[in-house]
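Each chain, letter by letter, is given below.
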Amino acid sequence: MSHNPFKAETIIDILRYRSAETPEAIAYNFLVDGETETVSFTYQQLEAVATGIAQTLSTVCHPGDRVLLLYPPGLDYIAAFFGCLMAGMIAVPAYPPRPNRSLSRIQVIAADCDARVALTNQTVLAGVRRQLAATPELEHLQWVATDGLTETTAGKWQPPTIDGETLAFLQYTSGSTAAPKGVKIVHSNLMHNLGVIYQCFGHHDQSAGVIWLPPYHDMGLIGGVLQPLYGGFPVTLMSPLMFLQNPFRWLQAISRYGGTTSGGPNFAYEFCTRKIPEERLELLDLSSWDLAFNGAEPIHYETLERFAAKLAPCGFRKEAFYPCYGMAEATLMVSGGVKGGPLCTVVVDGSALTENRVVPVAGDVAGGRVLVGCGTAVPGHGVAIVHPETGSRCPDGEVGEIWAIGPSIARGYWQQPELSDQAFGAVIKDTALAPLEPETPSKYLRTGDLGFLAAGQLFVTGRLKDLIIVGGQNHYPQDIERTVEAAHPSIRPSSVAAFAVEVEGEEKLVVVAEVERRPRNLVSPNGSEVLNVKEVIQSIRRSVSEHHDLLVYSALLLKPGGIPKTSSGKIQRHACRAGFVAGTLEVLPD
């Protein structure tokens, strides 16, 4: 295939090939302000800068050492990532420290991987130095600002031998359900997954990416940064902050640069639908956008319908939607549909689903829930639906845990053999399945996600550890959170957490929700604006009761930013629950 004509073993081989064959072609275009201010890397420039970083690293640490990457989104981060890989070091991407924020997550990651070096830029380093005295776990690191490097004096530096089994980087999980764990990604994992993404997304050298996703996590790094390099096509990048400040920037970039591939979690599409004024749509031409991937969190059919309807006048085609499923433990992509095909949906009885039963119903039946299929397992891989307690394959029509197998499955968690064996060493007890291919491992990855197979498609229904069980009935927190979001216009999208707490031996439902920065239901006694908290909470209780036949034990409203989230924006329900129990959530008074 033209994108990998010599069966490259590593992504570094691909970079060197691109630099030699098309040295002046633009690889990365970064929108500094999210709109017009740009900086770029050609393939040749990227290789040269990354090589300089690799040479510098070779003077302060050894191949196999772990190197923290602490950068804001941008070209410096990309060059440092490739520099680590070139030097045979293990890159550890992490969210950069925010001003006046705790360094606790970085401390946890640095300690877990026993990092030797931290690469960053001069601005971040200046801020971090003010906090290092209070964080001895980070003070011992060798800190290097790569934007301050002059031409290296390393002399006759010889790159180490790197092959498919070399550990490339540690992808720390976002910590939405547990403490962060370092997923071990070797080069062969990466090359397999990049290959199937290229194939499933229908990429070619005329493709064009537009990505705002955080580059520290699997979707942003592998899908947004490495896939374009693998496929030999340019990508326009922007900071997630630029998107969150103004989602119009995302669609404007697709329109301006003729983006063919772009996407994000479900909330991104909902965010655009709610926040972009109708009068700005006439400025957009989205006819080039032929693959709009949607993954990383539950996919809501209603969101896709609203987005497609709103953007149709701009040339967006509903057929561009590409629901997919994946996770860091599988490098990135596990399943996906057929590019350009219709959405695969099924309407099921919502109450039966709480009992782990899949009962199809007509679309107009009360209590029916529309689910969106995430396609089939990517080539060379497989998925199975397994009972999480017995390890036996679930019969058709039953929800179980999703297990995955194939060459993209990572090599376990860094320095956690017991957890690795539990998650990556699963065997289906009642079925002696032959490996997919001779070199494919026979053990499965337990994803921790729940779902079922229907019409050849994978349907994801929730997280195993987040299930809420009240009165013997299973309830998916995502369903309750969706209901709460729609309960009142003052509730902020994608900022609701539902969880259970034990009260006198019984599980009770708790809901916490952030309010919009400018709530729509303001009352003005004495001329001052005050949110009617009681009214919003009553709406939450009423909606949850009507849609789920559940009583809300406690409903709390928080200011914007009050709900604990991962650095990739996922709700941390376990942290919300811990904050509720400890009484540390900053609750708006009623």
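Computed from a predicted structure; not experimentally measured.

Turning next to the overall build of the protein. Helices and strands together make up the secondary structure of the protein, namely 17 helices and 28 strands. Rg of the C-alpha trace for the protein: 24 Å, near the compact-globule value of 25 Å for 590 residues, within the 12% margin. Projected onto the principal axes, the alpha-carbon positions of the protein cover approximately 70 × 65 × 50 Å. A total of 590 residues make up the protein; the buried ones form 56% of that total.

Here we come to the pattern of salt bridges. Between side chains of opposite charge, a pair can form when the charged atoms approach closely. Here the structure, examined in full by the defined rule, presents 19 salt bridges. Taking the shortest distance from any N to any O, the salt bridge between Asp449 and Arg463 comes out at 3.0 Å. With a gap of 14 residues between them, Asp449 in strand β20 (residues 445–454) and Arg463 in strand β21 (residues 457–463) connect regions that are remote in the sequence. A residue is classified by how much of its surface remains accessible, and Asp449, at 10% relative accessible area, is buried. In the salt-bridge network here, residues are joined through shared partners; they are Glu270, Arg274, Arg306, Arg482 and Glu485.

Through backbone hydrogen bonds, the strands of a sheet pair up, either in parallel or in antiparallel fashion. Taken in spatial order, the four strands line up as β18-β19-β20-β21 in an open sheet, and their pairing is antiparallel. At either end of the open sheet lies a strand with only one pairing partner, and these are β18 (382–386) and β21. Strand-to-strand twist in this sheet, taken as the mean axis angle between neighbours without regard to direction, amounts to 50°. Bridge analysis of β20 against β21 gives six bridges, and the strand direction is antiparallel. Bridging across to β21, Leu450 finds its partner in Gly462.

To continue, consider the sheet that holds strand β24 (residues 491–503). Taken together, the three strands give an open sheet; going across it, the order is β24-β25-β28, and neighbouring strands pair in mixed fashion. Every interior strand has two partners, whereas the edge strands, β24 and β28 (552–558), have only one. When strand polarity is set aside, the average angle formed by the axes of neighbouring strands in this sheet is 20°. In this structure, strand β25 (residues 506–515) lies alongside β28, joined through six bridges in parallel fashion. Each bridged residue has a counterpart across the sheet, and for Glu514 the counterpart in β28 is Leu558. Along the sheet, helix α17 (residues 573–582) contacts β24, β25 and β28; its crossing angle with β24, the most-contacted strand, is approximately 60°.

Tracing the backbone through its elements, the reader meets Thr42 in strand β2 (residues 38–42). Taking the relative accessible area as the measure of exposure, Thr42 reaches 8% and is therefore buried. Not counting residues up to four positions away in its chain, the partners in contact with Thr42 are Pro23, Glu24, Ala25, Ile26 and Ala27.

Let us look at helix α7 (residues 187–200). Along its 14 residues, α7 runs 20 Å from first to last C-alpha, staying within 8% of the 20 Å computed at 1.5 Å per residue. Taken across its 14 residues, α7 has 12 buried, putting it largely inside the fold. Looking at α7, one finds that the buried residues are His187, Ser188, Asn189, Leu190, Met191, Asn193, Leu194, Gly195, Val196, Ile197, Tyr198 and Cys200. Note on α7: the residue one or two positions beyond its end, Gly202, has a positive phi of about 65°.

By the definition in use, this model includes 26 aromatic pairs. Measuring from centroid to centroid gives 5.6 Å for Tyr77 and Tyr216, while their planes differ by 75°, and the two rings are edge-to-face. With a gap of 139 residues between them, Tyr77 in helix α3 (residues 75–86) and Tyr216 in the loop between β9 (209–211) and α8 (218–231) connect regions that are remote in the sequence. For the residue pair Tyr77 and Tyr216, the accessibility class agrees, reading buried in each case. A ring pair is formed by Phe81 and Phe169, whose centres lie 5.5 Å apart and whose planes are at 70°; its orientation type is edge-to-face.

For the rest of this paragraph, the subject is the nonpolar core. Among the nonpolar cores identified, the biggest contains 118 residues, and Ile11, Tyr28, Phe82, Leu119, Trp250 and Leu251 are the most heavily contacted of them. Ranked by the residues each element gives to this core, the list is headed by α3, at 10 residues. Aside from chain neighbours lying at most four places away, what touches Phe82 is Ile11, Ile12, Leu15, Tyr28, Leu46, Ala50, Leu226 and Leu229. Core analysis: the second largest hydrophobic core is formed by 25 residues, Ala94, Ile106, Val124 and Leu167 among them.

What follows is about the environment of Lys565. By secondary structure assignment, the location of Lys565 is in the loop between β28 and α17. On the basis of relative accessibility, which here comes to 33%, the residue Lys565 falls in the partly exposed class. Taking C-alpha positions, Lys565 is 18 Å from Ala555, a pair spaced 10 residues apart along the chain. Each residue touching Lys565, except ones within four places of it in the same chain, is listed here: Ser494, Ser495, Glu514, Lys570, Ile571 and Gln572. A polar contact of 3.2 Å, which involves the side chain of Lys565, links it to the side chain of Ser495.

The next subject is the pairing of strand β1 (residues 26–31). By the criterion of burial, β1 is predominantly enclosed, with five of the six residues buried. Sheet topology places β1 next to β2; five bridges connect them, and they run antiparallel. Bridge pairing links Ile26 to Thr42 in β2. In sequence, β1 turns back onto β2 through a hairpin of six residues, with Gly34 there showing a positive phi of about 80°. Strand direction decides the pairing type here: β1 and strand β10 (residues 235–238), joined by four bridges, are parallel. Residue pairing for β10: Tyr28 is matched across the bridge by Val235.

Let's shift gears to the environment of Thr22. Counting through the fold element by element, Thr22 comes out in the loop between α1 (11–21) and β1. The class for Thr22 is partly exposed, based on a relative accessible area of 37%.

What counts, and where the lines are drawn
- Residues numbered from 1 in each chain as written.
- Predicted model: local features only at pLDDT ≥ 70, side-chain atom pairs only at ≥ 80, totals over all residues.
- Heavy atoms only, no water.
- Helix = DSSP H or I, 4+ residues; strand = E, 2+ residues; numbered from the N terminus.
- Rg over C-alpha atoms; globule rule 2.2 N^0.38 Å.
- Buried < 20%, exposed > 50% of the residue type's maximum accessible area, 1.4 Å probe, protein only.
- Salt bridge = Lys/Arg side-chain N within 4 Å of Asp/Glu carboxyl O.
- Pairing = 2+ DSSP bridges.
- Axes fitted to C-alpha atoms, helices over the stretch in contact; angles between N-to-C directions.
- Contact = heavy atoms within 4.5 Å.
- Expected span 1.5 Å × (residues − 1).
- Phe/Tyr/Trp six-rings, centres within 6.5 Å; stacked < 30°, edge-to-face > 60°.
- Core = buried A, V, L, I, M, F, W, Y, C linked by side-chain atoms within 4.5 Å.
- Polar contact = N/O pair within 3.5 Å; in protein donor to acceptor, adjacent residues only side chain to side chain.

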